[in-house]
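# Descriptive analysis of the structure
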Amino acid sequence: GDILALFVIDRSPSNRVRNLMVVGSDGISLLKGVEVRSLLGLPSTKFNLISMENGYQFEGQGFGHGLGMSQWGAYGLAQHGYNAAQILKYYYKEVTFGQIFEDVDI
């Protein structure tokens, strides 16, 4: 059927869409944000819906996990010889790394 309306039903604390209601000529469906992301090829579930004259515009931001590190960007850095610590320091500027536990023989 035809899509008559779209409504964001709830969001996560980081403002990502958890559930989206689709009101159609054949009934109502509830989709998870990750399903919408996958179906539409969106880079993230952090999006807003803007009602337009002929449909809806999805306006988003981010590229997935909300942790500030691009998986593809990290992959690209690794391809250019960066090690794990260098990649993490590239994305997380004021972070220090260290060992938090010792290996123990059991």
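Here's a quick rundown of the structure.

### Points about the packing of aromatic side chains
By the definition in use, this model includes 3 aromatic pairs. Centroid distance Tyr90 to Tyr91: 5.0 Å. Interplanar angle 80 degrees. Geometry classified as edge-to-face. Residue Tyr90 is classed as partly exposed on the basis of its relative accessible area, which comes to 43%. Positioned over the ring face of Tyr90 is Lys93, at 4.8 Å from the centre of the ring.

### Some words on unusual backbone geometry
Positioned with a positive phi, Asn15 is a non-glycine residue whose angle comes to about 70 degrees. By the element assignment, Asn15 lies in the loop between β1 (3–11) and β2 (17–24).

### A word on the packing of helix α2 (residues 71–79) against helix α3 (residues 84–91)
Interaxial distance between α2 and α3 falls to 10 Å at its minimum, and their mutual angle equals 135 degrees. It follows from the interaxial angle that α2 and α3 lie oblique. Relative to α3, α2 is oriented so that their crossing is right-handed. In this structure, α2 contributes Gly73, Ala74, Leu77 and Ala78 to the contact, and α3 contributes Ile87, Tyr90 and Tyr91. Split into classes, the residues belonging to the contact of α2 with α3 amount to 6 nonpolar, 1 polar and no charged.

### As for the sheet that holds strand β3 (residues 27–32)
The 3 strands are arranged β1-β2-β3 in an open sheet whose pairing can be described as antiparallel. In the strand order of this sheet, the two ends are held by β1 and β3, each with one partner. Each adjacent strand pair in this sheet contributes to an overall mean axis angle of 20 degrees, direction not counted. As paired elements, β1 and β2 share 7 bridges and run antiparallel to each other. Bridging from a neighbouring strand, Phe7 pairs with Met21 of β2. Relative to the sheet, helix α1 (residues 33–40) contacts β2 and β3, its axis offset from that of β3 by approximately 95 degrees.

Rules used in this analysis
Residues numbered from 1 in each chain as written. Predicted model: local features only at pLDDT ≥ 70, side-chain atom pairs only at ≥ 80, totals over all residues. Heavy atoms only, no water. Phe/Tyr/Trp six-rings, centres within 6.5 Å; stacked < 30°, edge-to-face > 60°. Buried < 20%, exposed > 50% of the residue type's maximum accessible area, 1.4 Å probe, protein only. Lys NZ or Arg CZ within 6 Å of the ring centre and 35° of its normal. Helix = DSSP H or I, 4+ residues; strand = E, 2+ residues; numbered from the N terminus. Axes fitted to C-alpha atoms, helices over the stretch in contact; angles between N-to-C directions. Parallel < 35°, antiparallel > 145°, perpendicular 65-115°, else oblique. Left-handed = near helix turned anticlockwise from the far one by under 90°. Contact = heavy atoms within 4.5 Å. Nonpolar A, V, L, I, M, F, W, Y, C, P; charged D, E, K, R; others polar. Pairing = 2+ DSSP bridges.

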